[in-house]
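Descriptive structure summary
Here are the chains, one letter per residue:
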Amino acid sequence: MLKKSFKIDNNIYKDDVVISAVKDFQDIAHISYSNWNLEIESDWELDNIFNEFMNYCLAIVNEY
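Okay, so let's go over this structure. Since this is a predicted model, take the numbers as computed values, not measurements.

If you look at the biggest cluster of nonpolar residues, it comprises 21 residues, and the most contacted ones within it are Ile-8, Val-18, Ile-31, Leu-38, Ile-40 and Phe-53. Those elements that provide at least two residues to this core are α1 (15-24), β2 (30-34), β3 (37-42) and α2 (46-63). No other element matches α2, which puts 7 residues into this core. Setting aside its immediate chain neighbours within four residues, Ile-8 contacts Tyr-13, Val-18, Tyr-33, Trp-36, Leu-38, Phe-53 and Met-54.

See below:
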């Protein structure tokens, strides 16, 4: 299993949006989030999961 950390820009995303997305992505990969750092653990391509995660966050933001 691969593991990688990603820094999230808190100027663009709100904390509650990221937390909501983490809950929704639990079926895709093991994701933990703390202090604007996202850690993804999966057998799949981590950068692709992160990109899809951030696209999902943008979709949540656009719903508001």
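Further notes follow.
It is worth spelling out the pairing of β3 at this point. With burial as the criterion, only one face of β3 is covered, namely that bearing Leu-38, Ile-40 and Ser-42; the residues Asn-37, Glu-39 and Glu-41 on the opposite face remain uncovered. Hairpin connection of β2 to β3: 2 residues between the antiparallel strands, including Asn-35 at a positive phi of 50°.

Turning next to α2. The terminal C-alpha atoms of α2, which comprises 18 residues, lie 26 Å apart, in line with the 26 Å expected from a rise of 1.5 Å per residue. On its buried face, α2 is in contact with β1 (2-7), α1, β2 and β3. Two to three positions downstream of the cap, the backbone nitrogen of Asp-47 sits 3.4 Å from a side-chain oxygen, assigning the N-cap of α2 to Glu-45.

Before going further, it helps to examine the side chain of Ser-42. Tracing the sequence through the fold places Ser-42 in strand β3. A distance of 3.0 Å separates the side chain of Ser-42 from the backbone nitrogen of Trp-44, its partner in a polar contact.

Backbone hydrogen bonds hold the strands of a sheet together, and the pairing may be parallel or antiparallel. Across the sheet, which stays open at both edges, the 3 strands sit in the order β1-β3-β2 with antiparallel pairing between neighbours. The open sheet has two edge strands with one neighbour each: β1 and β2. Pairs of neighbouring strands in the sheet enclose a mean axial angle of 15°, with direction left out of account. Across 5 bridges, the pairing between β2 and β3 is antiparallel. For Tyr-33, the partnering residue across the bridge sits in β3 and is Leu-38. This element, α1, spans β2 and β3 of the sheet and lies at about 160° to β2.

What counts and how
Residues numbered from 1 in each chain as written. Predicted model: local features only at pLDDT ≥ 70, side-chain atom pairs only at ≥ 80, totals over all residues. Heavy atoms only, no water. Core = buried A, V, L, I, M, F, W, Y, C linked by side-chain atoms within 4.5 Å. Buried < 20%, exposed > 50% of the residue type's maximum accessible area, 1.4 Å probe, protein only. Helix = DSSP H or I, 4+ residues; strand = E, 2+ residues; numbered from the N terminus. Contact = heavy atoms within 4.5 Å. Pairing = 2+ DSSP bridges. Expected span 1.5 Å × (residues − 1). Polar contact = N/O pair within 3.5 Å; in protein donor to acceptor, adjacent residues only side chain to side chain. Axes fitted to C-alpha atoms, helices over the stretch in contact; angles between N-to-C directions.

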